[in-house]
Amino acid sequence: MLAVTVMAGILFVWSLLALRLSRWSITAPIAMMAAGIALTAGSNPPLRFELETTVFEHAVEVILALLLFVDAIEVPGRILGREKGIVLRLLGGGLPLTLCAAFLTGLLLFPGQSGWLIAVLAVVVVPLDLAPTASVVRDERVPVRLREVLNVEGGLNDGIVSPVFLLCIAVAVESHDVHADYGDALLTAVEAAGWALATGLAVGWTTGWLLRKSWSRGWTQTSAMRLGVLAVPLMAYTFSSAVGGNGFVASFIAGVVFGPAVRELPETAVELTDDVVTLLSLALWFIFGQIVNNAFWPGFQTTVVLYALLAVSLVRMVPVLLVLTGAGMSRADKLFLGWMGPRGVTSIVFGSLAVIELPDASADFVSRVMVITVMLSIVLHGLSAEPIARYYARRTEKQRPATPAGDTGR
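What you see is a predicted model, and the numbers here were worked out from it, not measured in a lab. (Residues numbered from 1 in each chain as written. Predicted model: local features only at pLDDT ≥ 70, side-chain atom pairs only at ≥ 80, totals over all residues. Heavy atoms only, no water.)

### Observations concerning the overall build of the protein
Consideration 1: Looking only at helices and strands, one finds 18 helices and zero strands in the protein.
Consideration 2: Taking 22 Å as the expected radius of gyration for a compact globule of 410 residues, we find that the protein reaches 22 Å, a close match to that expectation.
Consideration 3: The principal-axis extent of the C-alpha atoms belonging to the protein is close to 85 × 60 × 50 Å.
Consideration 4: For the protein, with 410 residues in total, the buried portion stands at 51%.
Consideration 5: Within the protein, counting contacts between residues at least 6 apart in sequence, those at least 24 apart form 83% of the total.
Consideration 6: Total accessible area computed for the protein in this model is approximately 19200 Å², and 64% of it derives from carbon and sulfur atoms.
Consideration 7: The protein carries 27 positive and 30 negative side-chain charges, and their two centres are separated by 15 Å. (Helix = DSSP H or I, 4+ residues; strand = E, 2+ residues; numbered from the N terminus. Rg over C-alpha atoms; globule rule 2.2 N^0.38 Å. Buried < 20%, exposed > 50% of the residue type's maximum accessible area, 1.4 Å probe, protein only. Contact = heavy atoms within 4.5 Å. Areas by Shrake-Rupley, 256 points an atom, 1.4 Å probe, with all protein chains shown as cover. Lys, Arg positive; Asp, Glu negative; His and termini not counted. Charge placed at Lys NZ, Arg CZ, Asp CG, Glu CD.)

### Points about the environment of Gly 36
Consideration 1: Along the chain, Gly 36 falls in helix α3 (residues 28-39).
Consideration 2: When the C-alpha positions of Gly 36 and Arg 48 are compared, they lie 9.7 Å apart, and in sequence the two are twelve residues distant.
Consideration 3: Gly 36 has contacts with Phe 286, Gly 289, Gln 290 and Asn 293, leaving out every residue within four places of it along the chain.

### What about the packing of helix α6 (residues 84-109) against helix α15 (residues 314-323)?
Consideration 1: Running from N to C, α6 and α15 cross one another at 145°; their axes reach a closest spacing of 8 Å. Crossing geometry of α6 relative to α15 is assigned as right-handed. Within the contact between the two elements, α6 uses Arg 89, Leu 90, Gly 93, Gly 94, Leu 97, Thr 98, Ala 101, Ala 102 and Thr 105 and α15 uses Val 315, Arg 316, Pro 319, Val 320 and Val 323.
Consideration 2: A class-by-class count of the residues in the contact of α6 with α15 yields eight nonpolar, four polar and two charged. (Axes fitted to C-alpha atoms, helices over the stretch in contact; angles between N-to-C directions. Left-handed = near helix turned anticlockwise from the far one by under 90°. Nonpolar A, V, L, I, M, F, W, Y, C, P; charged D, E, K, R; others polar.)

### So, empty space enclosed by the protein
Consideration 1: Going through the model one piece at a time under the given rule, you end up with one cavity of 30 Å³ or more.
Consideration 2: Here the largest cavity is characterised by a volume of approximately 60 Å³.
Consideration 3: Lining the largest cavity, in full, are Leu 90, Gly 94, Leu 95, Thr 98, Val 126, Leu 128, Glu 153, Asn 157, Arg 316, Val 320 and Arg 343.
Consideration 4: Among the elements of the structure, α6, α9 (144-174) and α15 are those that each provide at least two residues to the lining of the largest cavity.
Consideration 5: Tallying contributions element by element places α6 first for the lining of the largest cavity, with four residues.
Consideration 6: Along the lines of polarity and charge, the residues of the lining of the largest cavity split into five nonpolar, three polar and three charged. (1 Å grid on protein atoms, 1.4 Å probe; cavity = no way out; pocket = protein on both sides within 12 Å on 5 of 7 lines; lining within 4 Å. Points joined across faces, edges and corners; volume = space filled by probe spheres on them.)

### A look at a negative patch on the surface
Consideration 1: On the surface, a cluster of negative charge is made up of Glu 50, Glu 52, Asp 360 and Asp 364.
Consideration 2: Structurally, the position occupied by Glu 50 is in the loop between α3 and α4 (54-74). (Patch = residues over 30% accessible without salt bridge, like charges linked within 9 Å, V, L, I, M, F, W, Y side chains within 5 Å. Salt bridge = Lys/Arg side-chain N within 4 Å of Asp/Glu carboxyl O.)

Structure representation (structure tokens):
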């Protein structure tokens, strides 16, 4: 209970100073992470969390399930239609190329590690999370087109990567067994994805249809509708897990199918689910502080730092620049989309699940790379947010037609 009290107090203090802190790019995730590092450091810290338990594993899976559900239903269909070409280039071309670049970079820098472990590492460091640099998506100095594209990509990116993570982690775990059966591991992962797809479709379509009917016929009220929406990803997660599927993938599929129903429900129907996701994610950022202490301070290799630095820069930038060639965008806009790919909750969840599933040596390796990648991302993307916004403000000012002499504008 003390941990909950401390986290709630830190969040409350941040809320009092949110506007002032935003000027230094100190978002709620960064504040919670810093507090977590400070309060879990040392041999006898004030707070300590058990991270390698079944309870923690299910907890981070539920957080990811809710996050993926909200991302799936909040992707505006009209934006996807308006910028369909750019979004498809980023997700259909840029994302696979980024995964391949992360994998090849890992093979080059870590020749002693197995290929499947490097594949897990690539999937851990690639997904986007805009929360640590949320100010960029909301900053009106940045062209609305770029903010919308980045928001849509961030919403769909982690959902697309999730099945790939499941496949890679299943085979990576099997590869440590002297009697490894890769075929069985692949079959198990595919079967889990199939059950996730089936349960996600069933839960998303059924609940969406029922909530639409109930609201249109006046059988319910707004407050109850908010609770109903929150129940959807929880049902998808638990149902899929019960039949052998993956819960967070099922929640993402449920969100995609459920999304059209949201347009026929009250505007506030998703607010409770969104707030719960935010609170749970912030709690995870606090716990991430302990993961930082566990993985970062004992020491690290130069190659790990180099890999993390490349993961948050060239590994994404080069593929994005390639797929946006001929898309009718300026060089600055393409560089913005290539650079602004912060890492956050999804990487933390994937990394935590990998640590739980993998043997100690491999788990420590993945944890350390994940921690340094997220930390570098927070620093580099956070510090660059304001200069980027100022650049676009100056560019807009230069493009604005000058007022003719003597014209008062009346």
